[in-house]
Amino acid sequence: MSRRPARPSVPVTIDGEEHLAYEGETILDLARRVGVRIPTLCQLDGLSVYGGCRLCVVQTEGDHRLKPACATEVTGDLEVTTSTHEIREHRRRIVELLFAEGNHICAFCVSTGHCELQDLATEHNVDHIHYDYEYPRNTVDASHPKYLLDRDRCVLCTRCVRVCDEFEGAHVWDIANRGSESRIVAGLDIPWGESESCTWCGKCVLVCPTGALSFKGRSTGEMVHDPEVISFLSRARREGEWVGRKEQV
Amino acid sequence: MARNIIDLDDIASVELEARSRYTHRALVCSSTGCLSAGAATVRSTLEAELEQADRGQDVQVVPTGCPGLCSRGPLVRVESRGPTTTHYEQVDEDAARAIVRDHLIGGQPATEARITPEDLPFYVKQHRVVLAYAGTIDPERLEDYVAAGGYRALSKALSTLSPENVIEEIAAAGLRGRGGAGYPAARKWKLLHDAPGDEKYVVANGDEGDPGAFMDRTIMDSDPHRVLEGLALAAYATGASLGYLYVRAEYPLAIERLERAIRAAKRAKLLGRNVLGSKFSFDVEVRVGAGAFVCGEETALMASIEGRRGNPELRPPYPTERGLWGQPTMINNVETLANVPAIIDQGAAAFAAVGTEASPGTKVFALAGSLTNTGLIEVPMGIPLRDIVFEMGGGIPKGLAFKAAQTGGPSGGCIPERFLDTPVDYEHLRELGSMMGSGGLVVMDETVRMPEVARFYMEFCRDESCGKCAPCRVGTVKMHAFLDRICRGVGRQRDLQHLESLCRTVRETSLCGLGQSAPNPVFSTLEHFRDEYVELLVEDEVFQGPEALAAASPGGAR
Ligand SMILES: Cc1cc2nc3c(=O)[nH]c(=O)nc-3n(C[C@H](O)[C@H](O)[C@H](O)COP(=O)(O)O)c2cc1C
Ligand code: FES
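Since we're looking at a predicted model, the values are computed, not measured.

Undergrad: Quick rundown of the nonpolar core? Include the residues and the values.
TA: In this structure, Y151, I170, W189 and L245 of chain B are the most contacted members of the largest nonpolar core, which totals 72 residues. Counting residues per element, this core draws most heavily on helix α11 (residues 224-238) of chain B, at nine residues. Excluding its chain neighbours within four sequence positions, the residues that come into contact with Y151 of chain B are L8, L142, Y145, V146, H225, L228, E229, A265 and L270 of chain B. The next biggest cluster of nonpolar side chains, apart from the first, holds 68 residues, and it includes I184, A186 and C208 of chain A together with A454 of chain B.

Below, the structure written as structure tokens:
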């Protein structure tokens, strides 16, 4: 991410209202800055853009396909529509698909009440789903002394993969297999506790949007994540807040 | 610079001189299809019989690429002095012996063997540009390609054309990408040409993941030098210094022949440093993919070349801005590149004289399914589908009726009987809810049930989804589940509704072309064959609202 110019200069219309955006800003950045809500899941400030959950899709004037707001940079005179009936329906269906894919039993989840998937379901009025549940046979990795991975609750957003690679430099996590067989694995699919590259930093746990990664010893509803830490670290790193000089990026 | 041309001419004249010493040449198809039908035995039988008769010096037995009529393989074609050529089909060992005895030694066509009629529409209606030498030259010999006129285009470009001239020529020819979308090749070349930096890459996309398609495989294993020459011309025009040939591991013969071709071309100074004595230097490497459909998508393909997981990436930035290792890169389909030498050698006008205004040139199709003749054909763009199916393909066997033609594989759709006169080109196929795709053409007869066709392609997409984006990863599973329910006769009206709405969501929100086009077979079969879906549905159970339930319960309303 390059440093931001002094003042916004790119005229962009969001839902009929004109705004000035910074050059290189994404539609999502701008929308957040001006207080327009666009749902997101895989995106996290400070991590690289992934564009996998597709919940942030918006309509941009003149394009025949929807665009992910988290990954689309503004251009002059862009006209963005963030929410139409059609778009809301697409988002609701994607949330439903995510529920259908895993084994999300909120009532027993360490993160219930602090879960981004749950919040998205609330936002999109998902009180039941129109698809059959897959009920996959997932595994739990409890081999780490401090943390727990419950793949039943994973939405494959890869925040853990990215934070471990981009912040901690350890790259413990990655995705094995493909398509609906995809799953998060430590190392080359070894028990997390046996990973020699894991530094026990816990950033993956902090950024997880659901109850898939948690601190051991938490009971139902007790696991509160703190993804903002990463945004804070990223900003501090970019601005050189600890070293006293502005790092040139 | 004139020396270049002389070098090539030397090679060609030595080769032609050597050929003129033979009274006959027996060309044995040694492409993947005929090899699996026993072409290797046929070839060794021919050679052994000639050896035994001590006529080895009069007759040359040449392993060649694919003439196209794969369903009647192994194919042997005998060229005699003068223009006479005889095509033999379904040649076995006995037939091979007969061919040696009667034809190669006796000088008369072997009546015991099966001879393909000369006026067979399968051959006559073709117009071969990309496949011009497929079936007539030995793909493992550079000399054969050069003798047929190969590398003349590269030599001409290096000595008389600037890179800009080459791009202009391609633009004038109107060449469009044969990998599916039909993007104008010259526009992409220009983007790479104009991109800043010295480190640029060109990539030939030979992943070919569509089920049933084998156009690109055949081009690569039947005429590998043509692909190399096209790639070299692309590199010269755009300023790239390294090229990659990305081929799936399931194509061992193509890989072997491409690698052999690269070695031969390097030895002949047609690749490497200072190509043909010019200032242009260019190297080529083969990269073998692990055979994932999604790796044909250009961003996933680049990830795979870099040794990463073959997941598609967000575009923009497009590869011509940020491609391999962050450098400007251009990806073209193998067939697109194989057209290039012909355009440069014979000129844009000659190329554009064939085909239609918007889609000039030819297209190679892999004909498959319920047809009398299946195999590989190259036809002018704009040819009516009917001609392909009923003339070249020889119609539907067993007296069955035609039902639909599927083009574009898992990204395409089915074209029903009433559109059989549609000209086959990019725009018309898209209008019908299908697409050109890379060139698979599967013909279906009346016994085929269209919902099952949709289910087949959806199963393919489900299994090939990389899993990066949620709508494709889970959506394909669910679309397949709905289709399966309908096909098994237990689907209800609401399953069909959910299927359609989910198809729209997956099309609109998926990250890459795989998900975006995965619903196409469903949309197109629904558009043209909705009845077949509806027939399979069972009655919806009637929803019992709370009042109805209460009224029906013994205690009445509470
Ligand atoms: C899922 C998917 C699979 C693809 N597979 C192939 C392929 O096997 N071969 C190919 O040439 N292009 C394939 N493409 C298209 C490429 O992304 C790219 O557009 C093409 O290689 C560009 O070449 P062209 O301009 O010469 O057509 C595929 C695209 C998608 C979305
Ligand atoms: S937040 Fe944009 S794709 Fe996930």
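Undergrad: Just give me the short version of the interface of chain A and chain B, but keep the residues and values in it.
TA: In this assembly, 34 residues from chain A lie in contact with 31 residues from chain B. Buried surface at the junction of chain A and chain B, both sides included, amounts to about 2,600 Å², of which 55% is carbon and sulfur. Considering only the side of chain A, the residues that lose the most area to chain B are R65, L97 and R178 of chain A, jointly responsible for 23% of the buried surface there. Across the chain A-chain B interface, the total number found is five salt bridges. For the pair chain A and chain B, the number of links is 19 residue pairs in polar contact (both at pLDDT 80 or more). Secondary-structure elements contributing two or more residues to the side of chain A that touches chain B are α2 (85-101) and β8 (173-176) of chain A. Broken down by element, the residue count for the side of chain A that touches chain B peaks at eight residues, all from α2 of chain A. For the side of chain A that touches chain B, the per-class residue count stands at 17 nonpolar, nine polar and eight charged.

Undergrad: Which residues make up the domain arrangement of chain B, and what values do they have?
TA: Residue and element names in this part refer to chain B. Structurally, chain B comprises domain 1 (21-120), domain 2 (149-352), domain 3 (362-445) and domain 4 (450-536). Domain 1 puts five residues into the contact, and the matching count from domain 3 is five residues. Between domain 1 and domain 3 lies a buried interface of about 380 Å² when both sides are counted; carbon and sulfur atoms form 44% of it. Together, G68, S71 and R72 form the three largest contributors to the area buried by domain 1 at its contact with domain 3, with a combined 63%.

Undergrad: Explain the packing of aromatic side chains to me, and be specific about the residues and the numbers.
TA: Summed over the entire model, instances satisfying the criterion amount to 16 aromatic pairs over all chains. Taking 6.1 Å as the distance between ring centres and 45 degrees as the angle between the ring planes, the aromatic pair formed by Y244 of chain B and W325 of chain B counts as tilted. Taken together, the residues Y244 of chain B in strand β7 (residues 242-248) and W325 of chain B in the loop between α13 (298-305) and β9 (329-333) connect sequence positions 81 residues apart. Overall, the relative accessible area of 4% leaves Y244 of chain B in the buried class. Judged by its relative accessible area of 41%, W325 of chain B falls in the partly exposed class. Taken together, the aromatic side chains of Y147, W173, W192 and F215 of chain A make up a single cluster linked through ring pairs. In this structure, R187 of chain B packs its charged tip against the face of Y183 of chain B, placed 5.5 Å from the ring centre.

Undergrad: Outline the domain arrangement of chain A, listing residues and values.
TA: All names here are of chain A. By the assigned domains, chain A splits into domain 1 (10-83) and domain 2 (107-232). Of note, the centres of domain 1 and domain 2, computed from C-alpha atoms alone, are 26 Å apart. Opposite the 14 residues of domain 1 that make contact, domain 2 presents 19 residues. Here domain 1 packs against domain 2, burying approximately 1,300 Å² in sum over the two surfaces, 60% of which is carbon and sulfur. On the surface where domain 1 and domain 2 come into contact, there are one salt bridge. Note that R37 is salt-bridged to E123, the shortest N-O span being 2.5 Å. In this structure, the connection of domain 1 to domain 2 is made through seven residue pairs in polar contact (both at pLDDT 80 or more). Tallied by class, residues from the side of domain 1 that touches domain 2 come to eight nonpolar, four polar and two charged.

Conventions we followed
Residues numbered from 1 in each chain as written. Chains lettered and ligands numbered in written order. Predicted model: local features only at pLDDT ≥ 70, side-chain atom pairs only at ≥ 80, totals over all residues. Heavy atoms only, no water. Core = buried A, V, L, I, M, F, W, Y, C linked by side-chain atoms within 4.5 Å. Buried < 20%, exposed > 50% of the residue type's maximum accessible area, 1.4 Å probe, protein only. Helix = DSSP H or I, 4+ residues; strand = E, 2+ residues; numbered from the N terminus. Contact = heavy atoms within 4.5 Å. Buried area = accessible area lost by both parts, 1.4 Å probe. Salt bridge = Lys/Arg side-chain N within 4 Å of Asp/Glu carboxyl O. Polar contact = N/O pair within 3.5 Å; in protein donor to acceptor, adjacent residues only side chain to side chain. Nonpolar A, V, L, I, M, F, W, Y, C, P; charged D, E, K, R; others polar. Domains from an automatic or database assignment. Phe/Tyr/Trp six-rings, centres within 6.5 Å; stacked < 30°, edge-to-face > 60°. Lys NZ or Arg CZ within 6 Å of the ring centre and 35° of its normal.

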